[in-house]
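Now for the letters of each chain:
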Amino acid sequence: MKKLILPDAIQAKGDDFIFGVATSSFQIEGARELRLDCIWDTFCTQQGTISDHSNGDVACDHHSRWEQDLQMLLELGVDAYRFSIAWPRVIDIDGALNETGIRFYEHILNFLKQHNKQAFITLYHWDLPQHLENGGGWLSRETADAFADYVALVVQRLGDKADAYITLNEPFCSGYLGYEVGVHAPGQKSPKAGRQANHVLLLAHGLAMQKIRQYAPSVPAGIVLNIHPSYPDSASSADQKAAQMASDYLFHWYLTPILTGSYPDLLEDLPDDIQPEIATGDMAIISEKIDFLGLNYYTRAVYRSTNCGWFEEVERNDYPKTEMGWEITPHAFTDLLIGLHQRYDLPPIYITENGAAMDDRLESGRVVDAQRIDYFQTHLNALAQAMDAGVDIRGYFAWSLMDNFEWALGYSKRFGIVYVDYDTQERILKDSALAYRDMLYSRQLYR
Ligand code: IFM
C-alpha cells in the first residue's frame, strides 16, 4: 500500500497544525422524516437535476449510525471533525429550536469532547429550509435575518462546545450555482438573481458573525470559500483579462468584501439590471472581522475571452483528471495560497476541504485507491511549499470522511476515504484512509 509522508513544514508546526476530515449534513445524514424539507429535497424531485435520480432521504444513514461513524475518526487518529448542522433539523417552522434536532448534534459534540477531538461546525452547507425559499430564499434579506436568528439559537445552546464556527460553506455554490447557473438548488438561472443571492448570503454571514461574537465570544469564527484559481487560455491580453474577470466574479466577489468591505471593481462594470441591492451599512456588516478563513481547494480553471468581452471556461487536458473531470493541479494550490497571501492581509487559513473523486472498486473487501493517496500527497506537499513561503496555514481537512451524496451527481461520485456500500450501509476504510491514519500516527511518534 502506498504511504503518505508528512511534509517537514507541517511536521515542524507540531500541535499548531491540525488534521481532520469533513462532511456535511445533507450529504450523509438521511432521516429526512425527522426534519423539515429543504431546497435540495425539492430540487431532487425535479426532472433532470440529479444525474442518478437519487436524493438525500437516506444518504449514508449517518443519523442512526453516527456513533459508529465517529468511531472511525478515533481509528484514523484525526485531531478534528468538520461537520454541518442541518438548519431544517434544528429549527421548527415557527423559528423555535427543535429539541430533538439539536440534541442529535449535542451527542456528536459530547462524543468529540470526550475523545479530545475538535469540532468545526459549519452552520450552513446548502440545506436552506424550503419554506424560506418559498418566501424568497437567498434573494430576500429576510432570509439573512432568519439565518442570524437560527445561528443565535444554536450558538446560545452549543456555545463553546464547538472549537470553531463556520458561518457558510462555499457561498459561490449557493449563490452562483444555485441562482445564476441553476445546476444546484433551487435551480434559478439569472445573473441578477445570482448577484443578489451572493449579496444576501454575504450579509447573512456578517449577521451570523455578530451573533457568534455575542453568544460564544471565545470560539473562533470564520467562513469557508471554495476557489478554482483562474488561468488564461493563452498569453493574449484578452485571455489574461478574461481570467482576471473570472477570478473577480467567481471568487474575489466573496473574499474581497469580507476582508476589505467592498466588492471588486468589476461591480461597477456590471449592467444596472444585474446589480445587487446594497443597503447602507451592509458592507460594514459583511466585513465583520473573521478569526480564520477556510479554503476548499480541488482544481484550477482556465478561461478565455468571449466576443462580447466577458469570460468563458475552457476545458483543458493538460493534467490527469479525477472522476469529476477536474484536472489534478497541486502547483495551482501553492500559487493560489501565495497569491492570496501577497494580495490580502489574511487571517490564519485552514484548508477545510481537499480531496478527489476516484474510480473506486471494492474488491475482496479492499479499495486500492492509490491515485487518491497520490492526490493527498501532492496537495500536502503543495500546501507545505506555501507554508515555507510564509502563508499561515493551521490545518487540513480531507474531503470527505466517507462517500456521500455528491449533489447534482448523486451517489455516482465517491470522494470518501471510507467506502460506503449503499445497499448495506457497510463502511470500509479505503487504502487512503489507512495511509492517512498511518501518517497521523507517525506524526504522533515524532512529537
Ligand atoms: O461535496 C462537495 C462539498 O459539499 C462542498 N465542496 C466540494 C465537494 C466536492 O464537490
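Structure: above.
Residues numbered from 1 in each chain as written. Predicted model: local features only at pLDDT ≥ 70, side-chain atom pairs only at ≥ 80, totals over all residues. Heavy atoms only, no water.

(A) Quick peek at the sheet that holds strand S8 (residues 301-305). Spatially, the 3 strands line up as an open sheet ordered S6-S8-S9, and their pairing is mixed. Single-partner strands in this sheet number two, and they are strand S6 (230-232) and strand S9 (311-314). Neighbouring strand axes in the sheet, compared pairwise and without regard to direction, differ in orientation by 45° on average. Both S6 and S8 contribute to a ladder of 3 bridges, which runs parallel. Counterpart to Ser 230 in the pairing with S8 is Ala 301. Its contacts with the sheet place helix H11 (residues 237-260) against S6, S8 and S9, and it is angled at close to 125° to S8. (Pairing = 2+ DSSP bridges. Helix = DSSP H or I, 4+ residues; strand = E, 2+ residues; numbered from the N terminus. Axes fitted to C-alpha atoms, helices over the stretch in contact; angles between N-to-C directions. Contact = heavy atoms within 4.5 Å.)

(B) Representation of the pairing of strand S13 (residues 426-429). As defined by bridge partners, strand S12 (residues 418-421) adjoins S13 across 4 bridges and the pair is classed as antiparallel. If you follow Val 420 over to S13, its bridge partner there is Arg 427. Adjacent in sequence and paired antiparallel, S12 and S13 are bridged by 4 residues, among which Gln 425 carries a positive phi angle near 60°.

(C) Spotlight on the side chain of Ser 247. Within the secondary structure, Ser 247 sits in helix H11. Apart from the residues within four sequence positions on either side, Ser 247 is in contact with Ser 230 and His 252.

(D) Representation of the pattern of salt bridges in the model. Inspection of the entire model under this criterion finds 34 salt bridges. Across the salt bridge formed by Asp 374 and Lys 2, the nearest N and O atoms sit 2.8 Å from each other. Here the residue Asp 374 occupies a position in helix H15 (residues 370-388), and Lys 2 occupies one in the segment before helix H1 (8-11), the gap between them amounting to 372 residues. Its relative accessible area of 34% is what places Asp 374 among the partly exposed residues. We classify Lys 2 as partly exposed; its relative accessible area is 39%. Here Asp 360 and Arg 372 are joined by a salt bridge, their closest N and O atoms 2.9 Å apart. A residue pair is termed long-range when its members are at least 10 positions apart, and Asp 360 in the loop between strand S10 (349-353) and H15 and Arg 372 in helix H15 qualify at 12 residues. Here Asp 360 and Arg 372 have matching classes, each one buried. (Salt bridge = Lys/Arg side-chain N within 4 Å of Asp/Glu carboxyl O. Buried < 20%, exposed > 50% of the residue type's maximum accessible area, 1.4 Å probe, protein only.)

(E) Structural context of the packing of aromatic side chains. The full count for this structure, using the stated rule, is 41 aromatic pairs. On the numbers, 6.4 Å between centres and 90° between planes, the contact of Tyr 176 with Tyr 249 is edge-to-face. Here Tyr 176, found in helix H9 (residues 171-181), pairs with Tyr 249, found in helix H11; they are 73 residues apart in sequence, far enough to count as distant. The pair formed by Tyr 176 and Tyr 249 is uniform in burial state, with each residue classed as buried. (Phe/Tyr/Trp six-rings, centres within 6.5 Å; stacked < 30°, edge-to-face > 60°.)

(F) How the structure looks around the sheet that holds strand S11 (residues 393-399). In spatial order, the strands read S1-S2-S3-S4-S5-S7-S10-S11; together these 8 strands close into a barrel with parallel pairing. Pairs of neighbouring strands in the sheet enclose a mean axial angle of 25°, with direction left out of account. Where strand S3 (residues 118-122) meets strand S4 (residues 164-169), 3 bridges bridge the pair, whose relative direction is parallel. Across the sheet, Phe 120 pairs through a bridge with Ala 164, a residue of S4.

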